[in-house]
Amino acid sequence: MPIKIPSGLPARAILDSERIFALEKPEAERQRVRPLKLVILNLMPKKIETETQLLRLISKSPLQVEVDFMKTSTHESTHVSADHLLKFYENLDAFADNYYDGFVVTGAPVEHLPFEQVDYWEEFKTILDWASTHVFSTMYLCWGAMGALYERYGVRKVDYAEKIFGVFPQYLQDEYCFLTNGFDEIDLQPHSRLAGVNEDDVRANHDLQILTWGPQSGPGLIATRDFSEVFALGHWEYGKYTLAEEYERDMAKGMTNVPFPVNYFPHDDPSIEPLFAWRAHANLLWRNWLNWVYQTTPYDLSEVPDLRAQKRLGTDRSIRHEPGGPRKDDFAPFAYDGYGVIRG
């Protein structure tokens, strides 16, 4: 089914070239269905690239989805034209009285900073407060996930001396979870971050559950037990060449804490095209999330605040897994096989 996007959005041409069906507003309004309403807070510097990555995933759902874009007012973006922001983005004031089925908060290249030193941190907290009463379910990505886990659940950020960079195996923790239903026991997830989360803090909070975990990358997917908030520490939304472009950018800056990307180029040879090895699980996660929202969200979105306040959404699962589940043995897959993919 199509996604519904603002008329004239640059991503439309790319999506069309990939045979992804997107409707602009006048076409979509002729269809007699209520689309899911999503808003995306895009904190990434390259706005158009991130828009395209996210819309590509959202489009895989068999649902019509109407997408709005939010920006912060306390940070000035320098990698996108002011005209693009003016035409397609609004700050929180424009959305204050709106209700949404879903909210997506992207990452941002600020994970090396203490949260309180990020120039839009106070505004970010205000946006989280708004989402807690105006949005049915929120998907947080990378730094957005770290910031939300810290602010809402007291999960501390852990800074790394060297960037976790590459494509890492993640072990499925609950094979019957709605969000990871259909996942293989091992999935691959791109990571590109100088920080992570304190796993003990996550496990100590009964409201949170770790859904995928890796021996090198730690938790890859965390969610509240009612799925009102989903936290992806990695970047399933990344395209095939995104890590390569980031590596070239970081090397050009002379960064010394960025390793060669793990499990990305065959034989670790950058002259060979990287393997796009995470696309299926990325599509499955987003399809599962949107399907869960569709199945459980109220038709009248004005009911969302009461449902959130009464915690009457989703299901409360009591199952808790230690890293390595659901397997009951000590199998540690993917020792180096000589090919360059995959080292676990």
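Residues numbered from 1 in each chain as written. Predicted model: local features only at pLDDT ≥ 70, side-chain atom pairs only at ≥ 80, totals over all residues. Heavy atoms only, no water.

Colleague: Honestly, unusual backbone geometry in this entry has me stumped. Any pointers?
Modeller: Phi is mostly negative for residues that are not glycine, and the peptide bonds are mostly trans. Of note, C142 is a non-glycine position whose phi angle comes to about 50°, a positive value. Inspection of the secondary structure assignment puts C142 in the loop between β7 (135-141) and α7 (143-153). Despite not being glycine, H267 has its phi angle at roughly 60°, a positive value. For H267, the position within the fold is in the loop between α9 (242-252) and α10 (279-296). (Helix = DSSP H or I, 4+ residues; strand = E, 2+ residues; numbered from the N terminus.)

Colleague: Explain the packing of aromatic side chains to me, please; I cannot follow it from the model alone.
Modeller: Aromatic ring pairs are defined here through the distance separating the ring centres and the angle between the ring planes. Within this structure, the stated rule accounts for 25 aromatic pairs. Geometrically, the ring pair formed by F124 and W143 is tilted, given 5.0 Å between the ring centres and 55° between the ring planes. Of this pair, F124 sits in helix α6 (residues 121-134) while W143 sits in helix α7, placing them 19 residues apart in sequence. With a relative accessible area of 1%, F124 lands in the buried category. According to the relative accessible area criterion, W143 is buried, its value standing at 0%. Between Y264 and W278, the aromatic rings sit 6.4 Å apart at their centres with planes inclined by 35°, giving tilted as the arrangement. With Y264 in the loop between α9 and α10 and W278 in the loop between α9 and α10, the pair connects residues that are 14 residues apart, well separated along the chain. The two residues Y264 and W278 agree in class, both being buried. By way of ring pairs, the aromatic residues F165, Y247, F260, Y264, F265, F276 and W278 are connected into one cluster. Sitting over the ring of F165, K163 keeps its end group 5.0 Å from the ring centre. (Phe/Tyr/Trp six-rings, centres within 6.5 Å; stacked < 30°, edge-to-face > 60°. Buried < 20%, exposed > 50% of the residue type's maximum accessible area, 1.4 Å probe, protein only. Lys NZ or Arg CZ within 6 Å of the ring centre and 35° of its normal.)

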